[in-house]
Each structure stands twice: as structure tokens, then as C-alpha cells.
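Here is what each chain is made of, one letter per residue.
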Amino acid sequence: MWSILKGEWRKLRRCQILLVGIVAVALCPVVQYGTQLIVNPEVRDPNYSFVSLFANVIWGNTQIFLPISLVMIGGWLIDRENTNDTMKNLLTVPVSYPKLLGGKLIVTIFLSILFGIYSVAVTVLTGTIAGLGGLSAAVILQQGVKVVGAAFNTSLVCMPMILIFGQMRGAYLGGSLLTFFLGYCILFFKSGFLLSAYPFSAALILAGFDMQEYNGATQAPSILLALMGMAVVLALTMAILLLSRPSKKAGNSKKKKSKKGRGRRRA
């Protein structure tokens, strides 16, 4: 598995779509602060501090920027093997197809953690340039853990979409747009079962995000329901992994190659 992870990580250096994620995560705090200036063009809200900016970044990352970026990048890692016709070579390795896909998912999860750390740094830089108050080591540590935790949880939520659309040739871009829509839906769940169990809401709740204060939730979310919602996502991801099979085209290419080799040896 370690060899698979190293190989997949090296492939990211050739992934131009990675730049989309880097730019998107960097834009998140800028967009969130810019929105605040639009709402209060003359006098900025004096209560808007680093804590407020971090909360906005967590919300924006989970709702918009990370779902699009992670499904796009993770889907590309899977799709490129079929598009570049390299899957037939990977199938000669004595590793199961689900394990190959699992390696790509693990790399995507690790990338989401790096995105979270990167987002913390960009948020601190943006707030410092904007002259926001309330910055301290304790704030960076406390809010940084929430940002990274939300990024990690969001990557888990995106796993089924990566597997489904990554294995459909050329469909990962459409999958990222669909995932964005699913993330956007957390705006509408302010009470009841879906407030806590909806996967994108669960990602925020388990990261310690205050849904009542920020999202306008009318009741306190349930940690138990959030854990159940995340457990369903993980079970679905595992089921898709175990049921995944390489495309027939890749398998046929492998068979043709082996038959051709036998013919030459006989000659």
C-alpha cells in the first residue's frame, strides 16, 4: 500500500487541476472578508474578528470550495488511468482493484488535510492585512483545529462521489458540480433529523462548528446523529470500493497483450 500511495502522490505533480484547489482554498478567506465589506461598505462590523473570519472560512470550505476541489482532484486521479489507458498496466500489479482505488482515496484525504493547514495560513494572512482584531496563538490553535477537522470530515463525505464519478470516464467535473450542490443544501437544514445527520452538516458538527450561532439552526444538533450520518457515508464508501470492478476495456487490453505475447513465444 505504501508504494501505491507514493506513486499516487507523485502523480499529483502532473495534476493541473490541483491548482484549482490551491486557488479556491486561498480565495475562501478573501471572498468571505470581501462579502463582509459589501454588507457593511462604510463601517465594518466592529464585532467581526479573526474568530468570525475563521468561522466563515470553515463554512465556505465545507459548503463550496473543498467539495468542488476534492471531487475534481480525486476523480481525476481515477479517471486519468482510463483516459490515458494506463489502467491495463496497473492491473498487472498483484494488487486488487479496490486497493488501487483505496490508495487514491487516502491520497485525496491527506491532500484535504494539507488544504486545511494551507487555509489556516491564508486566513491568518488575510485577516492580518485587513487589520482584524483578536488574533492570538490560542485562537490560531483552536480555530485551526476546527478548519483542519472540517476539511478532513468533508473529504470523507466526498469519497462516494469521487468513486462514482471518477470511474465514469470524463464525468468527474460533473461530479464536482453535483457535490457543490449537495454541500449548498446545508443552508436549508436548520432543525430536525437532517440538521445533524446530513453528511455535510455532520462534517461541520463533528469539527466543533456552532451551527446554531452561524447557520441559524433553531435547535442544538445531535452529535450521535452526526456520527450516524458519517458512519453511513463510510459504509457507502466501503460498499462502492468492494463492488468496484475495472472497465471491460482495460481488461480486454490486458488479455490481448498476454495472448500476443504467447504467440511470439511459440514462434
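Residues numbered from 1 in each chain as written. Predicted model: local features only at pLDDT ≥ 70, side-chain atom pairs only at ≥ 80, totals over all residues. Heavy atoms only, no water.

**Overview of the overall build of the protein chain**
This is how the line gets drawn: Only DSSP runs of H or I reaching four residues or more are called helices, and only runs of E reaching two or more are called strands; each is numbered from the N terminus. Residue exposure (1.4 Å probe, protein chains only): buried if accessible area is under 20% of the type maximum, exposed if over 50%, otherwise partly exposed. The Shrake-Rupley method, run with a 1.4 Å probe, gives the accessible areas here. Residue values count only the displayed protein chains as cover.
Looking only at helices and strands, one finds 12 helices and 0 strands in the protein chain. When the helices and strands of the protein chain are listed from N to C terminus, the series reads α-α-α-α-α-α-α-α-α-α-α-α. Counting the 267 residues in the protein chain, one finds 47% classified as buried. Looking at the protein chain as shown, the accessible area adds up to about 13,400 Å², and 67% of this sits on carbon and sulfur atoms.

**Points about a nonpolar patch on the surface**
To keep things clear, this is the line we draw: A residue counts toward a patch only above 30% relative accessible area and without a salt bridge, and it is joined to like-charged neighbours within 9 Å or, for Val, Leu, Ile, Met, Phe, Trp and Tyr, to nonpolar neighbours within 5 Å. Definition used for salt bridges: Asp or Glu carboxyl oxygen within 4 Å of a side-chain nitrogen of Lys or Arg.
Residues Val23, Leu27, Val30 and Val31 make up a contiguous nonpolar surface patch of roughly 310 Å² in combined accessible area. Along the chain, the position of Val23 falls in helix α2 (residues 18-39).

**A look at the layout of surface pockets**
Worth spelling out the cut-off: Each cavity reported here is a set of points on a 1 Å grid over the protein atoms alone in which a 1.4 Å probe fits but cannot get out, each pocket an open set with protein on both sides within 12 Å along at least five of seven lines, and each lining residue one with an atom within 4 Å of a point. Grid points are joined across faces, edges and corners, and a volume is the space filled by probe spheres set on the points. Asp, Glu, Lys and Arg are counted as charged, while Ala, Val, Leu, Ile, Met, Phe, Trp, Tyr, Cys and Pro are counted as nonpolar; the rest, among them Gly, fall into the polar class.
What the largest pocket holds in volume is close to 340 Å³. Forming the boundary of the largest pocket are 15 residues, of which Val51, Ser52, Ala55, Glu213 and Tyr214 lie nearest the centre. Taken together, the elements giving at least two residues each to the lining of the largest pocket come down to α2, α3 (50-83), α6 (137-166) and α10 (211-214). In terms of residue count, the dominant contributor to the lining of the largest pocket is α3 (5 residues). Here the residues of the lining of the largest pocket sort into 6 nonpolar, 6 polar and 3 charged.

**Considering the UniProt feature "transmembrane region" (unreviewed entry) in the protein chain**
The condition that has to hold: UniProt positions are given in the numbering used here, feature names are shortened, and annotations may be inferred rather than shown by experiment.
When the UniProt feature table is mapped onto this chain numbering, "transmembrane region" (unreviewed entry) sits at residues 12-33, 53-78, 109-141, 147-165, 177-200 and 220-243. The straight-line gap between the two end C-alpha atoms of residues 53-78 is 35 Å; of that span, 100% is helix and 0% is strand. Structurally, residues 220-243 is divided into 88% helix and 0% strand, and its ends, taken at the C-alpha atoms, are 37 Å apart.

**What to know about the side chain of Thr123**
Stated precisely, the cut-off is as follows: Here a residue-residue contact requires only that any non-hydrogen atoms of the pair lie within 4.5 Å.
Of note, Thr123 is situated in helix α5 (residues 97-130). Under the relative-accessibility criterion, Thr123 is labelled buried at 0%. Every residue in contact with Thr123, bar those within four places of it in the chain, is listed here: Pro29, Phe50, Leu53, Phe54 and Val57.

**Observations regarding the nonpolar core**
This is how the line gets drawn: We call a set of buried Ala, Val, Leu, Ile, Met, Phe, Trp, Tyr and Cys residues a nonpolar core when their side-chain atoms join them within 4.5 Å.
The biggest cluster of nonpolar side chains holds 51 residues, and the ones touching the most others in it are Phe54, Ile162, Leu163, Leu204, Phe209 and Met211. Of all the secondary-structure elements, those providing two or more residues to this core are α2, α3, α5, α6, α9 (199-206) and α11 (223-243). Broken down by element, the residue count for this core peaks at 11 residues, all from α6. For Phe54, the contacting residues outside a window of four places in its chain are Val120, Thr123, Val124, Val139, Gln143 and Val147. By size, the runner-up hydrophobic cluster in this structure holds 15 residues, among which are Trp76, Val107, Ala151 and Tyr172.

**Some words on the packing of α3 against α5**
Inclusion rule: The angle between two axes is taken between their N-to-C directions and runs from 0 to 180 degrees, where each axis is a line fitted to C-alpha atoms and a helix contributes only its stretch in contact. Reported orientations rely on four angle classes, namely roughly parallel under 35 degrees, roughly antiparallel over 145, roughly perpendicular from 65 to 115, and oblique for the rest. Should the near helix be turned anticlockwise from the far one by less than a right angle, the crossing is termed left-handed; should it be turned clockwise, right-handed.
It is the contact of α3 with α5, at a shortest axis distance of 9 Å, that shows an interaxial angle of 150 degrees. Judged on the interaxial angle alone, α5 and α3 are roughly antiparallel. Seen from above, α3 lies across α5 with right-handed handedness. Counted by class, the contact of α3 with α5 contains 15 nonpolar, 8 polar and 2 charged residues.

**So, the packing of aromatic side chains**
For clarity, the threshold we go by: To pair, rings of Phe, Tyr and Trp, with the six-membered ring standing in for Trp, must have centres within 6.5 Å; the planes then decide the type, stacked if under 30 degrees apart, edge-to-face if over 60, and tilted in the middle.
Taken as a whole and assessed by the stated rule, the structure comprises 5 aromatic pairs. An angle of 65 degrees between the planes, with centres 4.8 Å apart, marks the rings of Phe189 and Tyr198 as edge-to-face. One exposure class covers both Phe189 and Tyr198, and it is buried. What links up through ring pairs into an aromatic cluster is the set Phe180, Tyr184 and Phe188.

**A look at helix α7 (residues 172-184)**
Because an α-helix completes one turn every 3.6 residues, residues spaced three or four positions apart along the sequence face the same direction. Heads up, the condition is: Helices are assigned an expected span. That span is 1.5 Å times one less than the residue count. As used here, the arc is the angular range of directions from the helix axis to the C-beta atoms.
Here α7 spans 18 Å end to end across 13 residues, near enough to the 18 Å set by a 1.5 Å rise per residue. Restricting attention to buried positions, one finds in α7 the residues Tyr172, Gly175, Ser176, Thr179 and Gly183. The buried residues of α7 occupy one face: seen down the axis, they fall within an arc of 100 degrees. Each element contacted by the buried residues of α7 is listed here: α3, α6 and α9.

**Examining the side chain of Thr154**
Structurally, Thr154 can be placed in helix α6. The class of Thr154 is buried, set by a relative accessible area of 0%. Among all residues touching Thr154, those that are not within four sequence positions of it are Thr62, Leu66, Pro67, Leu70, Phe200 and Ala203.

**Remarks on the environment of Phe152**
Inspection of the secondary structure assignment puts Phe152 in helix α6. Considering only alpha carbons, one finds Phe152 and Phe110, 42 residues apart in sequence, at a separation of 8.1 Å. Residues in contact with Phe152, not counting those within four places in the same chain, are Ile109, Ser112 and Ile113.

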